[in-house]
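# Structural overview
Chain by chain, the residues:
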Amino acid sequence: MSQLQVVCGLVWREGLFLAARKRAGKTNSGYWELPGGKVGEQESVEQALMREFQEELGMEIRVRGILGSVEQAGIVNLKLIALEATCGSERPGHIIDHDSVIWVNPGYWHALRWCENDARLLGEILAGVIVTGK
């Protein structure tokens, strides 16, 4: 059975990380996520994340590396891969799949209603990443 690879970015700016809320009509609408998307054929996870940020948010990012991943079995087996990145832009140039984008203090990430896999990743990663996000 094949596995769908999806990337998400823990993108830092001035000690905060970027979160986006899925707009109405989208899967997981109203829930927060780390922006990203599907990895295309012949595409590295780093290339996929940079492309997704450019397409969906109009933002240029610099990828630092892979932080971790979670897998979800189901009709489609999914692997969500988190990459750490930085961004010089404060605001997106445009927003396609989301209705809100905010910068989150890592000490308060749990106050938002997250998509399940993003919450799993953040719970595992942030304990060790908070100091490196500066």
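First things first, this report covers the structure right here in the doc. Numbering of residues begins from 1 in every chain and follows the order in which that chain's sequence is written. In keeping with the model being predicted, local features are shown solely for residues with a pLDDT of at least 70 and side-chain atom pairs are shown and tallied solely at 80 or more, while totals for entire chains, interfaces and linings include all residues. The basis for every side-chain value is the complete set of heavy atoms in the structure, and neither hydrogens nor water enter the calculation.

Looking now at the packing of aromatic side chains. Aromatic rings from Phe, Tyr and Trp, with only the six-membered ring used for Trp, were paired whenever their centres fell within 6.5 Å, and each pair was classed as stacked if the ring planes differed by under 30 degrees, edge-to-face if by over 60, and tilted otherwise. Taken as a whole and assessed by the stated rule, the structure comprises three aromatic pairs. Taken together, a centroid distance of 5.7 Å and an interplanar angle of 70° make the contact between W12 and F17 edge-to-face. In this structure, W12 and F17 share a single accessibility class: buried. Put simply, the rings of W12, F17, W109 and W114 pair up and form one aromatic cluster. Note that R113 overlies the ring of Y31, its terminal NZ or CZ placed 4.1 Å from the centroid. Exposure classes here rest on a 1.4 Å probe applied to the protein chains alone. A residue is buried below 20% of its type maximum, exposed above 50%, and partly exposed in between. Whether a charge sits over a ring comes down to the Lys NZ or Arg CZ being within 6 Å of the ring centre and within 35 degrees of the ring normal.

The subject of this paragraph is the side chain of D97. Within the secondary structure layout, D97 lies in the loop between β6 (77-87) and β7 (98-104). Exposure remark for D97: the relative accessible area of 14% places this residue in the buried category. The definition of a polar contact used here is a pair of N or O atoms within 3.5 Å, where within protein one atom must be able to donate a hydrogen and the other to accept one, and adjacent residues in sequence count solely through side-chain atom pairs. Of note is the side chain of D97, whose polar atom sits 3.1 Å from the side chain of K26. The contact rule is simple, with two residues in contact once any of their heavy atoms fall within 4.5 Å. Apart from residues no more than four positions distant in its own chain, D97 is found in contact with R21, K22, R23, K26 and E56. Secondary structure elements are defined from DSSP: runs of H or I of at least 4 residues count as helices, runs of E of at least 2 residues count as strands, and each element is numbered from the N terminus.

Counting residues in each nonpolar core, the largest one holds 19 residues, and the members touching the most others are L10, F17, W114 and L122. Every element with two or more residues in this core is listed here: β1 (3-13), β2 (16-22), β6 and α2 (116-129). With residues up to four places along the chain from it excluded, the contact list for W114 reads F17, A19, Y31, W32, E33, L34, W109, A119 and L122. Here, the term nonpolar core denotes a set of buried Ala, Val, Leu, Ile, Met, Phe, Trp, Tyr and Cys residues that are joined through side-chain atoms within 4.5 Å. Grouped together as the second largest cluster of nonpolar side chains are 17 residues, V7, V11, M59 and I61 included.

Limitation: the analysis is restricted to geometry and does not speak to function.
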